[in-house]
Structure formats: structure tokens, C-alpha cells
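# A closer look at the structure
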Amino acid sequence: NAGVTQTPKFQVLKTGQSMTLQCAQDMNHNSMYWYRQDPGMGLRLIYYSASEGTTDKGEVPNGYNVSRLNKREFSLRLESAAPSQTSVYFCASSGGAGTSYEQYFGPGTRLTVT
Amino acid sequence: GQSLEQPSEVTAVEGAIVQINCTYQTSGFYGLSWYQQHDGGAPTFLSYNGLDGLEETGRFSSFLSRSDSYGYLLLQELQMKDSASYFCAEGSRDDKIIFGKGTRLHILP
């Protein structure tokens with residue numbers, strides 16, 4: 001099992017460009033999450049999907065959109081990148097239905113917006 | 001709303017015991033998780049307390065007191081590889097968790 005995979009690992013964008021971060025899990029988990037991590041800020045939830053077909057906003061959703069493509073895949077899109085979105089982005093999954101406390105994380109995408 | 005407080009840094013000596021505290025203020029509290037993250041790596045799950053009391057997993061233990069809105073992670077027999085950041089995270093009924101800002105653990109030889 002690969003667990004949670006993310007692509008790309010690194011990305012540099014210019015202000016105003018768009019891109020989609022991809023995430024997939026092979027653990028048959030129901031719930032998936034997108035976080036951003038900035039120095040000294042911990043992990044902040046952007047969006048999550050408690051089950052296939054549903055998505056909900058987290059703490060910092062502005063400037064992002066998500067798609068739960070199927071049970072395995074959950075993508076994060078930046079429509080018009082801004083320097084404030086420079087961060088490390090982590091995707092995570094959990095079994096759902098009361099097991100959100102135990103999440104499995106992907107290796108992260110390091111995004112720089114210039 | 002949900003808010004967690006934990007120290008930003010803790011220093012301890014190899015072989016010793018260290019405790020990392022976490023306090024929370026929330027309605028609808030569902031339990032407290034702990035995660036470890038090495039520099040450049042992804043967070044990994046360590047422990048969960050859904051009920052009051054102590055949970056032990058090898059050298060690591062975690063404790064929760066709901067009446068005090070307080071928990072801690074206890075690391076025993078510290079090893080250099082335990083140098084990392086540790087995050088507490090609180091759960092809620094809507095299938096998400098909110099992370100604290102993390103505690104960076106420095107271990108001295």
C-alpha cells in the first residue's frame with residue numbers, strides 16, 4: 001500500500017497562475033483533508049470531505065476550491081495564486097465515522113508563489 | 001470555537017522524561033490526538049484520548065482530563081530521534097480535527 005500520495009512534491013508559481021494539487025489514498029478511507037502549514041502556525045485545515053460527494057470548509061478556505069473526484073481522490077485548486085499561499089500543503093485521510101482523530105498524511109507539496 | 005494552547009518549545013536531555021502540555025477550549029469536544037512531525041516530513045499519528053486517563057504506547061503516553069480541559073504527552077527514555085515537533089489536535093463531531101501550533105522538542109546529548 002502506498003498510503004496517501006500527493007503530486008507534485010514541489011511547485012513554483014507566478015502570482016495569478018492557477019494549479020491543482022492532487023491527492024490519492026489507497027486505504028479505502030471515507031474522509032479526506034487538505035491542510036496548509038506555515039512556520040509557527042501549525043497545520044490549518046483548508047477543506048475536508050467527510051465522504052464521497054461531500055465537501056466542507058475548514059479554517060482557511062478563501063482562495064481555494066476542492067473536488068472529491070471519487071473515494072480515492074481529493075484535489076485542491078488554486079484559481080489565482082497569491083504570495084500569501086506560499087506554504088507546504090498536506091493531504092490526509094481517515095477512516096471516517098468517528099475516526100478522524102487518526103489521520104494519515106501524504107508527503108506534502110511545497111508551493112512557492114512569486 | 002476551538003483553541004488549543006501548547007508550549008512553542010521544550011528542551012530535555014537524552015534518556016530523560018519530558019511532558020508536553022496542551023490545554024483546549026471548545027464546545028463539542030470529542031477527544032485529543034497527538035502527532036509527531038520531523039523536520040521536512042509529514043505528521044504521523046501517535047496517540048488518542050477519547051476518555052479521561054492515561055493511554056500508553058511504548059515509550060509514549062498521553063493523558064486527558066476533561067474536567068480540566070487539559071492533556072499531555074509524556075515521552076520517556078528520550079532518544080535523539082525524538083527531536084521533532086509535537087502537535088495536539090482536538091476532534092469534534094463533524095469529522096474534522098483542529099491542530100495546535102505545535103511544540104518543538106530539542107534533545108540535548
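Please read all numbers here as calculations on a predicted model, not as lab measurements.

Pairing between side chains of opposite charge can happen when the charged atoms of each approach one another. For the structure on display, the rule yields five salt bridges over all chains. A salt bridge links arginine 36 of chain A to aspartate 38 of chain A; the shortest N-O distance between them is 3.0 Å. Arginine 104 of chain B is the partner of aspartate 39 of chain B in a salt bridge, and the nearest nitrogen-oxygen pair spans 2.6 Å. One end of the pair, aspartate 39 of chain B, is in the loop between β4 (31–37) and β5 (44–49); the other, arginine 104 of chain B, is in strand β11 (residues 103–108), and 65 residues separate them in sequence. By relative accessible area, aspartate 39 of chain B is classed as exposed at 60%.

Take the pairing of strand β4 (residues 31–38) of chain A next. Residue and element names in this part refer to chain A. Within β4, eight of the eight residues are buried, which leaves the element mostly enclosed by the surrounding structure. Of the two faces of β4, the one holding Ser31, Tyr33, Tyr35 and Gln37 and the one holding Met32, Trp34, Arg36 and Asp38 are both buried throughout. Relative to strand β9 (residues 87–94), β4 is paired through seven bridges, and the arrangement is antiparallel. Residue tyrosine 35 lies in a different strand from β9, and its bridge partner there is phenylalanine 90.

In this structure, Leu32, Trp34, Leu75, Tyr86 and Leu105 of chain B are the most contacted members of the largest nonpolar core, which totals 22 residues. Of all the secondary structure elements, the ones that give two or more residues to this core are β2 (9–13), β3 (18–25), β4, β7 (60–65), β8 (70–75), β9 (84–91) and β11 of chain B. The greatest single-element share of this core, amounting to four residues, is contributed by β3 of chain B. Counting 20 residues, the second-largest nonpolar core is a separate cluster that includes Val4, Trp34, Ile46 and Val113 of chain A.

Right, let's get into the sheet that holds strand β8 (residues 74–78) of chain A. Residues and elements named next belong to chain A. Ordered in space as β1-β3-β8-β7, the four strands form an open sheet in which the pairing is antiparallel. Each having just a single partner strand, β1 (4–7) and β7 (64–68) make up the two edges of the open sheet. Each adjacent strand pair in this sheet contributes to an overall mean axis angle of 15°, direction not counted. Two strands pair when backbone bridges link them, and strand β3 (residues 19–25) and β8 are joined in this way by three bridges, in the antiparallel orientation. Its bridge partner lying in β8, threonine 20 is registered against arginine 77.

Another point: the interface of chain A and chain B. Contacts between chain A and chain B engage 24 residues on the former and 18 residues on the latter. Interface of chain A and chain B: buried area, both sides summed, is about 1700 Å²; carbon and sulfur atoms make up 58% of it. The three residues of chain A that bury the most area against chain B are Leu43, Tyr101 and Phe105 of chain A, which together make up 31% of that side's buried surface. Across the contact surface, chain A and chain B share zero salt bridges. Applying the counting rule to chain A against chain B returns five residue pairs in polar contact (both at pLDDT 80 or more). For the side of chain A that touches chain B, the secondary-structure elements that each account for two or more residues are β4 and β5 (42–49) of chain A.

As a further point, take the state of the cysteines. All names here are of chain A. A full pass over the atoms with the stated rule returns two disulfides over all chains. Between cysteine 23 and cysteine 91 runs a disulfide, and the two sulfur atoms are separated by 1.8 Å. With the S-S bond torsion at -75°, the cross-link from cysteine 23 to cysteine 91 turns out left-handed. With cysteine 23 in strand β3 and cysteine 91 in strand β9, the pair connects residues that are 68 residues apart, well separated along the chain.

Definitions and cut-offs
Residues numbered from 1 in each chain as written. Chains lettered and ligands numbered in written order. Predicted model: local features only at pLDDT ≥ 70, side-chain atom pairs only at ≥ 80, totals over all residues. Heavy atoms only, no water. Salt bridge = Lys/Arg side-chain N within 4 Å of Asp/Glu carboxyl O. Helix = DSSP H or I, 4+ residues; strand = E, 2+ residues; numbered from the N terminus. Buried < 20%, exposed > 50% of the residue type's maximum accessible area, 1.4 Å probe, protein only. Pairing = 2+ DSSP bridges. Core = buried A, V, L, I, M, F, W, Y, C linked by side-chain atoms within 4.5 Å. Axes fitted to C-alpha atoms, helices over the stretch in contact; angles between N-to-C directions. Contact = heavy atoms within 4.5 Å. Buried area = accessible area lost by both parts, 1.4 Å probe. Polar contact = N/O pair within 3.5 Å; in protein donor to acceptor, adjacent residues only side chain to side chain. Disulfide = S-S within 2.5 Å.

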